[in-house]
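Descriptive analysis of the structure
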Amino acid sequence: MGSDPLYVGKLHSDVDKGDGSIKYILSGEGASSIFIIDENTGDIHATKRLDREEQAYYTLRAQALDRLTNKPVEPESEFVIKIQDINDNEPKFLDGPYTAGVPEMSPVGVIKTALPNMDREAKDQYLLVIQAKDMVGQNGGLSGTTSVTVTLTDVNDNPPRFPRRSYQYNVPESLPVASVVARIKAADADIGANAEMEYKIVDGDGLGIFKISVDKDTQEGIITIQKDLDFEAKTSYTLRIEAANKDADPRFLSLGPFSDTTTVKIIVEDVDEPPVFSSPLYPMEVSEATQVGNIIGTVAAHDPDSSNSPVRYSIDRNTDLERYFNIDANSGVITTAKSLDRETNAVHNITVLAMESQNPSQVGRGYVAITILDINDNAPEFAMDYETTVCENAQPGQVIQKISAVDKDEPSNGHQFYFSLTTDATNNHNFSLKDNKDNTASILTRRNGFRRQEQSVYYLPIFIVDSGSPSLSSTNTLTIRVCDCDADGVAQTCNAEAYVLPAGLSTGALIAILACVLTLLVLILLIVTMRRRKKEPLIFDEERDIRENIVRYDDEGGGEEDTEAFDMAALRNLNVIRDTKTRRDVTPEIQFLSRPTFKSIPDNVIFREFIWERLKEADVDPCAPPYDSLQTYAFEGNGSVAESLSSLDSISSNSDQNYDYLSDWGPRFKRLADMYGTGPESLYS
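Residue positions are counted from 1 within each chain, in the order its sequence is given. Reporting in this predicted model follows two pLDDT cut-offs: at least 70 for local features of residues, and 80 or more for side-chain atom pairs to be given and counted; totals over whole chains, interfaces and linings ignore these cut-offs and use all residues. Only hydrogens and water are set aside when side-chain values are computed; all heavy atoms of the structure are taken into account.

1. Here we look at the overall build of the protein
Only runs of H or I of at least four residues qualify as helices and only runs of E of at least two qualify as strands under DSSP, and these elements are numbered from the N terminus. Within the protein, the regular secondary structure consists of 6 helices and 34 strands. In the protein, which comprises 685 residues, the proportion classed as buried is 30%. Here a residue-residue contact requires only that any non-hydrogen atoms of the pair lie within 4.5 Å. Once local pairs closer than 6 in sequence are excluded, the contacts in the protein between residues at least 24 apart make up 65%. Surface accessibility in these figures is a Shrake-Rupley result with a 1.4 Å probe; residues are shielded only by whichever protein chains are displayed. On the protein, roughly 44,200 Å² of surface is accessible, and the fraction owed to carbon and sulfur atoms is 52%. Under the scheme applied here, a residue whose accessible area is under 20% of the maximum for its type counts as buried, over 50% as exposed, and between as partly exposed, the area being computed with a 1.4 Å probe on protein chains only.

What follows is the structure in C-alpha cells.
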C-alpha cells in the first residue's frame, strides 16, 4: 500500500554456499516491472500496488547461475504468486438510478409504503436513496448508494364533475342541421383511460332536436342539431346532460357515484327567413292543345317569420329560357305564355321564386314539373327514305318493297297505321299495295315487262292514316326505279341506256361544227371588248383623286331611247307621295316617315326643297356614311321626259337658276357649290 518495495518471498539454491559465486535471475509475468529479485540473496519484492480485481495471480520462472561462467547450476523452476483479496471496493448498484411505479392506494405488500392511501393527485412522484454495505455492516466495511424514483400510477378513484350546474347558449334558428351548438366538459382529476367519459341527454324537451357526442381527444361533450330550429314554433329548449366515466373501478365505488349532471338551456334566436313553399315539388299536367293564357296550376308560399310579409312570385327564367309560362306575381297562378309542343319538350322543369315584399333579398325556391299531355297533331310519314327498285324481268304479284311509318305522337294505346294508294293511283296498271295490318305495307307489281327505255322511274303516291282522334293522314311518294337485274334479281344498273346512232358524222360536218364554234368565240370576245370600252368613267383623272370614297352606279339602259331605267319625270312631278327609298350601301336602323306631297311651285323651288329634304335626311340618318356619294347620270336619250341631267350641259345652258346657296350647306356640298356657283372661283367661270 506504501511507496517502499513489499517483500514477497525468497529463492535459495542448495548449490549456494554463501560465498557469492551464485546469482539469481527472475523471468515471467511482471518480472522486472512489478517483481524484482536480489541476485545475491534471492529476495523477491513487489515494487507496485497490486489489484486482485485486475489480476489475481502471476506465473514467474527463477534460475540460479554460476556468476563466473553464467551457466545454470540448477534447472529452471516455476512458481506462482497469488494476490490475496482485501476489502478495497465498496458496493455498487449496476443499473441505478432506478425508477418504479406503484399504483396509488396500494395495500401493504412486497413493496411497502410508509403512508397509507397515497394519492397520485396529491403527489405523484417520490425520490428514494438506498445504501448497500459489505461485510454485513461490520466496522471497516465499505458501502454504495443509488436513487430510486417511485411514481404513483393512476387509478380511477375520482368521479367526473361539471364545473357549473347550468349552462346557457344562444343559437340562430337558421343554423343548419348537424351544426355544433355548444361544447361542455366535466372535470376529472384522473388521467388517461381513467378520465375517459360518456355524455348523454337524460331529460329535457329537446331530446329529438339535439344530440350529444364525445370528443375523443378533449373528452368534451359536443351538442349538435338533429332537426331544423324554428323560432316561431319554439323559442328555447332545456337539456339535462349526464357525464360518467367510461370504465369505473369497482374498488372505489364506495367513494360515491362516478357520474355528474348539469343543465343546458338553448335559446333560439329569430332570423329573417325566406318564404317557404307549401310543397317541395308541384307536379302539373297540361295538354299541348291548351290555349295561350290558360291556367295550369297554382303554387303557394308564405313568410315563416312572425311578420308574415306578403310574398311575390316569379319564374327563374334560366329554367324557362323560351318563356313558355307566366306566373301571377300575387296569386302564384301559372299560365301558358306560348303554344306548347310535346314533341319538342315533353316535360318542363321550372323553378318558381318567392320573394318577400318587405325584404326582396329573402327569396325562397319552389320546383314545378309540368308534363305536356299528347294530342294527335302529327301525321304519319315514311319511316325512312326508301330506295325502291323493280327489275325489268319482274313477274306480276312480286313484292318489291316493304314500307312502314312513324308518328311523332305517342298515343296511350300505341300506333296503328293504315296504308292505301291514293285515288289517282288506285287504277294504275303497274303497282299495287297490300296493307299487312301490322303497321307495314307491301308494294307488289301488277305486270311484267318493265323497260327502262320506255320509263325508268315511277312515282307511287301512298296514303297513310293513323288511329288518333281525330285521325290524321299524309300522302308520301315512293320512287321506284326500273333496273337491269341478274338471274338472282339483284339490280345491276338503273340508268337509262344511251342509244348509238346508226351512222357516224362525216368529216365535212365535223369541220362545219368546229367553224361555227370558233365564230361564236370571236363574237363573244368582240362583245366583251366593246362593253369594257363603254364602261370607261366620264370624269377626268384629276377628278378621280378626290381623296374620298365614291359610290358609283353604272346601270346601263337598253338603248338611247330607253326611259324605263330612270324615270326622271319624278324630279319634276313631285305631286305624288314618294316612298322613302332604302339605302343599298348600309343597313338602315331608323325608318323615316313618308314626305308630304308638293304643290305646283316653280322648278327652282322644287329642286331646292328636294335637295333640302335630302340634306335633312342625311343629317339625321345615323347609318349615313361619312363621305360624299357621287352619282353619274348618262344621257337618257331624246325621248326622256327629264331630258339631259349632265352637269356639263347644265352649266352651258341659259338657265337663270342661282346655286350660290349651296355654299351655305357646309363642307359636304363644297364641290357642288364650286361646280354650279357663279362666283369668280367657280370651276367653269
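2. Focus on the sheet that holds strand β2 (residues 22–28)
Across a sheet, paired strands are connected by hydrogen bonds in the backbone, their directions being either parallel or antiparallel. Strand order in this open sheet of 3 strands is β2-β5-β6, and the pairing throughout is antiparallel. Of all strands in the sheet, those with a lone pairing partner are β2 and β6 (77–82), marking the two edges. Between one strand axis and the next, the sheet turns through 30° on average, direction left out of account. When DSSP finds two or more bridges between two strands, those strands count as paired. Pairing geometry for β2 and strand β5 (residues 57–66), over 7 bridges, is antiparallel. Across the sheet, serine 27 pairs through a bridge with arginine 61, a residue of β5. Helix axes use the C-alpha atoms of the stretch in contact, all axes being lines fitted to C-alpha atoms, and the angles between their N-to-C directions lie in the range 0 to 180 degrees.

3. Focus on the pattern of salt bridges
What counts as a salt bridge is simple: a side-chain nitrogen of Lys or Arg found within 4 Å of a carboxyl oxygen of Asp or Glu. Tallying each qualifying case throughout the model produces 14 salt bridges. Here arginine 317 and aspartate 320 are joined by a salt bridge, their closest N and O atoms 2.8 Å apart. Residue class for aspartate 320 comes out buried when judged on its relative accessible area of 3%. A salt bridge links arginine 452 to glutamate 392; the shortest N-O distance between them is 3.3 Å. With arginine 452 in the loop between β31 (440–445) and β32 (457–465) and glutamate 392 in the loop between β27 (388–391) and β28 (399–406), the pair connects residues that are 60 residues apart, well separated along the chain. Each of Arg342, Glu343, Asp374 and Glu410 takes part in a single network of salt bridges with overlapping partners.

4. Some words on the environment of asparagine 158
Here asparagine 158 is to be found in the loop between β9 (143–153) and β10 (166–172). For asparagine 158, a relative accessible area of 18% corresponds to the buried category. The spatial distance from the C-alpha of asparagine 158 to the C-alpha of alanine 187 is 9.7 Å, given a sequence separation of 29 residues. Setting aside anything within four residues of it in sequence, one finds asparagine 158 in contact with Glu121, Asp188, Ala189, Asp190, Asn245 and Phe258.

5. Regarding the nonpolar core
Counting residues in hydrophobic clusters, the biggest one holds 24 residues, and the most contacted among them are Val181, Phe210, Ile223 and Ile241. Of all the elements, strand β15 (residues 236–245) adds the most residues to this core, at 4 residues. Not counting chain neighbours up to four residues away, the residues in contact with isoleucine 223 comprise Ser179, Val180, Val181, Ala182, Phe210, Lys211, Ile212, Leu239, Ile241, Val264 and Ile266. Grouped together as the second largest cluster of nonpolar side chains are 23 residues, Tyr386, Ala394, Phe419 and Phe450 included. To define a nonpolar core, start from buried Ala, Val, Leu, Ile, Met, Phe, Trp, Tyr and Cys residues and group those joined through side-chain atoms within 4.5 Å.

6. Let's talk about the confidence of the model for the protein
For every residue, the predictor states its confidence as a pLDDT score lying anywhere from 0 to 100. For the protein, per-residue confidence averages 79 on the pLDDT scale, and residues scoring 70 or more make up 78% of the total. Across residues 542–547 the pLDDT falls below 50, and counting only partners more than four positions away or on other chains, this stretch makes 5 contacts in the model. Across residues 570–600, confidence stays below pLDDT 50; counting only partners more than four residues off in sequence or on other chains, it has 47 contacts.

7. Quick look at the sheet that holds β10
The 4 strands lie next to each other as β10-β16-β15-β12, forming an open sheet whose pairing is mixed. Every interior strand has two partners, whereas the edge strands, β10 and β12 (197–204), have only one. Going across the sheet, the axis of each strand differs from the next one's by a mean of 30°, ignoring polarity.

8. Some words on a nonpolar patch on the surface
Excluding any residue in a salt bridge, patches collect residues exceeding 30% relative accessible area, merging like charges within 9 Å and nonpolar Val, Leu, Ile, Met, Phe, Trp and Tyr side chains within 5 Å. Taken together, Leu510, Ile513, Val517, Leu518, Leu521, Ile524 and Val528 make up a surface patch of nonpolar side chains, about 610 Å² in accessible area. Relative to the helices and strands, valine 517 is located in helix α1 (residues 507–534). A relative accessible area of 41% means that valine 517 is categorised as partly exposed.

9. A word on the environment of serine 27
Relative to the assigned elements, serine 27 resides in strand β2. As for serine 27 and glutamine 63, which are separated by 36 residues in sequence, their C-alpha atoms are 8.7 Å apart. In this structure serine 27 touches Leu60, Arg61 and Glu76, once residues within four positions along its chain are discounted.

10. Looking at the state of the cysteines
What is meant by a disulfide is a covalent connection between two cysteines, made through their sulfur atoms. When the sulfur atoms of two cysteines come within 2.5 Å, that pair is taken as a disulfide. Across all of its chains, the model carries 2 disulfides by this definition. A sulfur-sulfur separation of 2.0 Å characterises the disulfide bridge that pairs cysteine 391 with cysteine 485. The chirality of the disulfide connecting cysteine 391 with cysteine 485 is left-handed, given an S-S dihedral of about -90°. Pair noted here: cysteine 391 is in strand β27 and cysteine 485 is in strand β33 (residues 473–485), with a separation of 94 residues, a long-range link. With its bonded cysteines labelled in order along the sequence, the protein shows the pairing 1-3, 2-4.

11. Focus on the side chain of serine 179
Looking at the secondary structure, you find serine 179 in the loop between β10 and β11 (180–184). According to the relative accessible area criterion, serine 179 is buried, its value standing at 16%. Those residues within four positions of serine 179 in sequence are excluded, and the remaining contacts are Ile223, Thr224 and Ile225.

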